[in-house]
Amino acid sequence: MPIANRLAATFAAEVKSPNLTSETIRESGRAIYETYLEHKVLVFRAQDITARTFAEFGTIFGRPEEHHVLKLRHPEEPTLTWLSNQNEPGRNKEMKTSGQGWHSDYSYKLVPGSATMLHGLEIPDTAGGDTLFADAEAAFAALPEERKAYLRTLRVRHQYRWSPDREDPWARWKYIGPEERRQTPEITHPLVRRHPDTGRETLFIQPRIIGSVIGIDGLPEDESTALIDELIAHITSDDFVYRHKWSPLDVVVWDNRCVLHSATTKDLDEKHVRRLLRLTTSGSAVTPSLPEVGHSRRSPDSSD
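All figures in this text were calculated on a predicted structure; none of them were measured in a lab. (Residues numbered from 1 in each chain as written. Predicted model: local features only at pLDDT ≥ 70, side-chain atom pairs only at ≥ 80, totals over all residues. Heavy atoms only, no water.)

A. Summary view of the sheet that holds strand β12 (residues 213-216). Taken together, four strands build an open sheet; the order of strands is β12-β8-β9-β17 and the sheet is antiparallel. Strands at the two margins of the open sheet, each flanked by one partner only, are β12 and β17 (297-298). Pairing analysis gives three bridges linking strand β8 (residues 155-158) to β12, with the strands arranged antiparallel. If you follow V156 over to β12, its bridge partner there is I216. (Pairing = 2+ DSSP bridges. Helix = DSSP H or I, 4+ residues; strand = E, 2+ residues; numbered from the N terminus.)

B. Representation of the environment of D267 within the structure. Considering the arrangement of structural elements, one finds D267 in the loop between β15 (259-263) and β16 (275-282). Sequence separation of D267 and G128 is 139 residues, and the distance between their C-alpha atoms is 5.9 Å.

C. Layout of the packing of aromatic side chains. For the coordinates displayed, the defined rule picks out eight aromatic pairs. Look at Y36 and F61: their rings are 4.9 Å apart centre to centre, the planes differ by 70°, and that puts the pair in the edge-to-face class. Separated by 25 residues along the polypeptide, Y36 in helix α1 (residues 22-39) and F61 in the loop between α2 (51-58) and β4 (63-64) bring together distant segments of the chain. Owing to a relative accessible area of 0%, Y36 belongs among the buried residues under this scheme. (Phe/Tyr/Trp six-rings, centres within 6.5 Å; stacked < 30°, edge-to-face > 60°. Buried < 20%, exposed > 50% of the residue type's maximum accessible area, 1.4 Å probe, protein only.)

D. Quick look at the pattern of salt bridges. The final tally for this structure, using the stated rule, is 19 salt bridges. For the salt bridge of E34 with R30, the shortest nitrogen-to-oxygen distance reads 2.6 Å. With a gap of four residues between them, E34 and R30 both fall in helix α1, about one helical turn apart. The partner of E137 in a salt bridge is R200, with the nearest N and O atoms 2.8 Å apart. You can see E137 sitting in helix α3 (residues 136-141) and its partner R200 sitting in the loop between β10 (192-194) and β11 (201-203), a full 63 residues away along the chain. The network of salt bridges with common partners includes E14, K16, R45 and D250. (Salt bridge = Lys/Arg side-chain N within 4 Å of Asp/Glu carboxyl O.)

E. Expanded view of the side chain of R155. Among the secondary structure elements, R155 is positioned in strand β8. One polar contact links R155 to T188, side chain to side chain, over a distance of 2.8 Å. Here the side chain of R155 touches H295 through a polar contact of 2.9 Å, landing on its backbone oxygen. Those residues in contact with R155 that sit more than four places away from it in its chain are T188, H189, P190, L191, G215, I216, D217, V293, G294, H295, S296 and R297. (Polar contact = N/O pair within 3.5 Å; in protein donor to acceptor, adjacent residues only side chain to side chain. Contact = heavy atoms within 4.5 Å.)

F. Structural context of the environment of E186. Position of E186 relative to the elements: it lies in the loop between α5 (178-182) and β9 (187-190). Through-space distance from the C-alpha of E186 to that of Y108 is 7.2 Å; in sequence the pair is 78 residues apart. Reaching out from E186, the side chain makes a polar contact with the side chain of R157 at a distance of 2.7 Å.

G. Layout of the sheet that holds β15. Sheet architecture is open: three strands sit in the order β13-β7-β15, paired in antiparallel fashion. Only two strands of the sheet have a single neighbouring strand rather than two, namely β13 (241-244) and β15. Averaged over all neighbouring strand pairs, the angle between strand axes comes to 20°, with direction disregarded. Where strand β7 (residues 131-135) and β15 come together, five bridges link them in antiparallel fashion. Note on β15: the bridge partner recorded for D135 is V259. (Axes fitted to C-alpha atoms, helices over the stretch in contact; angles between N-to-C directions.)

H. Spotlight on helix α6 (residues 221-235). Helix length check: α6 (15 residues) gives 21 Å between terminal C-alpha atoms against 21 Å at 1.5 Å per residue, within 8%. Every buried residue of α6 is listed here: S224, L227, I228, L231, I232 and I235. Taken around the axis of α6, the buried residues stretch over an arc of 130°, which confines them to a single face. (Expected span 1.5 Å × (residues − 1). Arc of directions from axis to C-beta.)

Worth remembering: the numbers are spatial, not functional.
Below is the structure:
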């Protein structure tokens, strides 16, 4: 197994070996994956690798997906996207802070993202631009049993383009077109999911704006909003958070099935350049903790 040193109380670890090459990806891929299941977030330092090798690394964690926002894609490796805090050609200015706010990648899809990974190509030599991670699995385990039992019965409505305020600068409605809207209908998922590899339970919930969450299915809006706010505050409390301070060429991979994350790019002055490559792999339909709650499913199309 790779040598990994824990970075936070309940999750996250820095992997001391091996370096990421085509050979080690081939030979150590399964061991890396097992280490990832144990720690949920892995950090590989100083990985001077090509975009092709980074894309190959992603295959350890599942089938890499092409992002549906075409302007974000890498020109040569379509499963990779560029994250940048600069005014890149052809992009809306809102994309500079894309990823700001707690969320889980592709939660708005019928089959959400499994793993996400970043490669830090240009990292500023000043404070700012960190990435935050929150352990939603440990957060669920820490709840009282009565609360767990109630949450297991609930479902959550998700939609990529949805926002309670379309004029909010983070509202994704602003930077997707008709075809991208067609590809992202409303989806409902169980609020408490069971990890397909470990069998452990975790909360599967995000904030309403950046997380694309419409609300808790069947609850009045005020109750739904209050519950979402309560759960997000719990998941993102200090006991369950790891802050990653980037160094050049870091590779970081995390498990979207049990971890939330947030960029902090809005805290970084634009004169300090931050560019990363990103890849997300396809997972499987969300398995509910209680079978009677039902798996992920498409909702009737909501109005535009």
